[in-house]
Amino acid sequence: MNNYIEFVLVGEETEAPNILEKITEKWKVEPTIFTALEKEEEYNVVRIEKSKNILKVLIYSQEVVYNLEIKEKTYSNYKKIVIVIKSKKNKGEYDKFLEKLKVDTMNLIMSEWKNSRCYWLVDNQSEELSQNIYIEINKLENRLRSFINIAMIDMLGVEWWETVSVAKFGKKYYSEKVHERKSREYKDKFSRFKNIQDELLTLNSDDLSELMAIKISEWDYSEENWKKLEEKIKSKEIGEIISIYESQKKVKKVLWDDLFSKYFDRIFLNQWGEFCKMRNHIAHNKLVDYSGVEDLKNLINRIDEKITEAERRFEETTISQEEREIIAESYEEELDQKFLAGIKLGVMERNSNQIKLDFKYVIENFFEDILHSYKYKDGLEIEVSTDIYSESIKIPKKIIFKETYGERKMSLIIERDEINELPGSISFLEISLKKSDLSEIKEKYIYENGELKLNDAGEYVISKEDKEDFEGLEKIFNYIEEEITEKFLSLDDKVAELYENSKIYKELKCSSCGEEAILNEDYMELQRNQCFFCKSLNNIYRCETCGTLCNEDLEEGERKLCFDCIEED
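In this report, we go over the structure that sits alongside the text. Quick caveat, the model's predicted, so the values are computed rather than measured.

1. Details of helix 6 (residues 205-212)
Here is step 1: The buried fraction of helix 6 amounts to six of the eight residues, a majority that puts the element mostly inside the structure.
Here is step 2: Turning to helix 6, its buried residues are Ser205, Asp207, Leu208, Ser209, Leu211 and Met212.

Below, the structure is given as structure tokens:
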């Protein structure tokens, strides 16, 4: 199967005079409109043919031929330009050049036709990206559905859906008409699965995270509440009865606090929300590109790892009657009771490996928050390195922040840890931030282990709850934000600094991007006459007659003159 891209631009006919002539001339003068991905030799414009209303361009890149056709059609009150790109598909390889070609072509035409509108019609390259990633989306959604089902049955029993659906999804999913219709439609088409509980299958992906945070309320019985309710029951005022009944309810369970927070970290719900937005973009057949799909793949992998870890924790903390009998035969009854009491009370007495795992998730999430905040900041480069934390655990070890073209540098380093698995004891991670002025700041993330003790009745009670102190991490994050905001220069700031130091030609604009940012001397890896922004090399010369600085492409043997002197010559 070959690649096929088709899109159209439409607009006022009067606003697009001679559009094909302009594009043809621009490609002849500046064929680098198809900016190479890595190096200029990566492609070659082989042939440009133009008839009255059709422009055909043949491009060769990496042993692939691209046929680009631009057709102009004029109607009574508007003009339409149809763009078609065809190429042979490389098996197993994504064609990044094709992606860039179609976007660059659209941008070129729209730059010449300012008020035109673009409509994308066919793009099997984008379709294939969507089809491949949707398989992974489907797997991830069903993994979370599976975990929710198992965890909810363990906590609320086999009829858990009836409890939570009334609390949260009564109007949206659990009204008999809606749910029964959805269920009937599904089971009519797939009758072999008619006996399954399909409630979670009817939930949208973004509703799954809402379900995990549901608050379950129950009527709070008291003599005073009953008297108020009884008065309204006697009066038979249905609206008032329901209103008072609802106002007397109290929250008995918060599913996230009481259940899911034991298995997922704090940012899982945010990550799932981000996943749902990207997932809906794919599901609703919107255009996608390679980098966006790669970001989604990385997010899916991170969430998938968290679900795997949640399943492992659930297996460790959830014990069936049969498993409990086996444990009782192998361990002392006292330890078994303490373990089960800890699960029931929601207090963890973690061992050293469990504390290390907690540290791993804290640091991964902390680093992820930092990268999310600054990875797209212009003028800033970020490097991350990992390290072996124990026999089987790897964690991020260091983040280095550097100016793209500058000398400022800052490092965030995980320095050391202190692990103490005794009940009630304190463990910590020490983190240092080495700033651009060589000063150093050190802070700690602190974990306090839980502790259970027997009371006089022989029952385990909470002596100390397990706690986490994130104040040190928040301080480090604020220091980083302050340093980057106040001291690290953006590309615009850097150009302004170079301009002030007379390292940029004044009043000369780059022939490629039009910015006044051409270097008049070598700077780091950039050459003299190179644009600081787009890296294009400009042809700077002084007029032979008047000495004016010029930036124009000259034919071989052509005299170096400015426009004024050319007219006088």
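2. A few points about the environment of Arg117
Here is step 1: In this structure, Arg117 sits in strand 6 (residues 117-123).
Here is step 2: Sequence separation between Arg117 and Leu9 is 108 residues, and the spatial gap between their C-alpha atoms is 5.3 Å.

3. Some points on the packing of helix 3 (residues 124-156) against helix 6
Here is step 1: One way to put it is that helix 3 packs onto helix 6 with a least axis distance of 11 Å and a crossing angle of 25 degrees. Between helix 3 and helix 6, the crossing angle belongs to the class labelled roughly parallel. For the pair helix 3 and helix 6, the sense of crossing is left-handed. Across the interface between the two elements, Glu141, Leu144, Arg145, Ile148 and Met152 of helix 3 pack against Ser205, Leu208, Leu211 and Met212 of helix 6.
Here is step 2: Counted by class, the contact of helix 3 with helix 6 contains six nonpolar, one polar and two charged residues.

4. Observations concerning the side chain of Asn3
Here is step 1: Along the chain, Asn3 turns up in strand 1 (residues 3-11).
Here is step 2: Other than its neighbours up to four places away in sequence, Asn3 contacts Ile85, Lys86, Ser87, Lys88, Lys89, Asp95, Leu98, Asn124 and Gln125.

5. Concerning the packing of aromatic side chains
The geometry of an aromatic ring pair is captured by the separation of the ring centres together with the interplanar angle, meaning the angle of the planes.
Here is step 1: In the structure shown here, the tally under the stated rule is 15 aromatic pairs.
Here is step 2: Seen from their ring centres, Tyr94 and Tyr290 are 4.9 Å apart, and the 25 degrees between their planes marks the pair as stacked. Of the two residues, Tyr94 is situated in the loop between strand 5 (79-87) and helix 2 (96-112) and Tyr290 in helix 11 (residues 290-317); the sequence distance between them amounts to 196 residues.
Here is step 3: Relative accessible area serves as the criterion here: at 23%, Tyr94 is assigned to the partly exposed category.
Here is step 4: Between the aromatic rings of Phe147 and Phe264, the centroid separation amounts to 5.4 Å while the plane-to-plane angle is 85 degrees, which identifies the pairing as edge-to-face. With a gap of 117 residues between them, Phe147 in helix 3 and Phe264 in the loop between helix 9 (255-258) and helix 10 (268-283) connect regions that are remote in the sequence. Phe264 matches Phe147 in its accessibility class, with the two residues each being buried.
Here is step 5: By way of ring pairs, the aromatic residues Phe147, Phe260, Tyr263, Phe264, Phe268, Trp272, Phe275 and Phe314 are connected into one cluster.
Here is step 6: Seen from the ring of Phe428, Lys444 lies directly overhead, with NZ or CZ sitting 4.0 Å from the centre.

6. Some thoughts on the pattern of salt bridges
Here is step 1: Under the defined criterion, the tally for this structure stands at 20 salt bridges.
Here is step 2: The partner of Asp265 in a salt bridge is Lys306, and the shortest N-O contact between them spans 3.0 Å. Of this pair, Asp265 sits in the loop between helix 9 and helix 10 while Lys306 sits in helix 11, placing them 41 residues apart in sequence.
Here is step 3: With a relative accessible area of 14%, Asp265 lands in the buried category.
Here is step 4: Judged by its relative accessible area of 12%, Lys306 is buried.
Here is step 5: Residue Glu364 is joined to Lys360 by a salt bridge in which the shortest nitrogen-to-oxygen separation is 2.8 Å. One end of the pair, Glu364, and the other, Lys360, are both in helix 14 (residues 352-374), four residues apart, so they sit about a helical turn from each other.
Here is step 6: By relative accessible area, Lys360 is classed as buried at 16%.

Conventions we followed
- Residues numbered from 1 in each chain as written.
- Predicted model: local features only at pLDDT ≥ 70, side-chain atom pairs only at ≥ 80, totals over all residues.
- Heavy atoms only, no water.
- Buried < 20%, exposed > 50% of the residue type's maximum accessible area, 1.4 Å probe, protein only.
- Helix = DSSP H or I, 4+ residues; strand = E, 2+ residues; numbered from the N terminus.
- Axes fitted to C-alpha atoms, helices over the stretch in contact; angles between N-to-C directions.
- Parallel < 35°, antiparallel > 145°, perpendicular 65-115°, else oblique.
- Left-handed = near helix turned anticlockwise from the far one by under 90°.
- Contact = heavy atoms within 4.5 Å.
- Nonpolar A, V, L, I, M, F, W, Y, C, P; charged D, E, K, R; others polar.
- Phe/Tyr/Trp six-rings, centres within 6.5 Å; stacked < 30°, edge-to-face > 60°.
- Lys NZ or Arg CZ within 6 Å of the ring centre and 35° of its normal.
- Salt bridge = Lys/Arg side-chain N within 4 Å of Asp/Glu carboxyl O.

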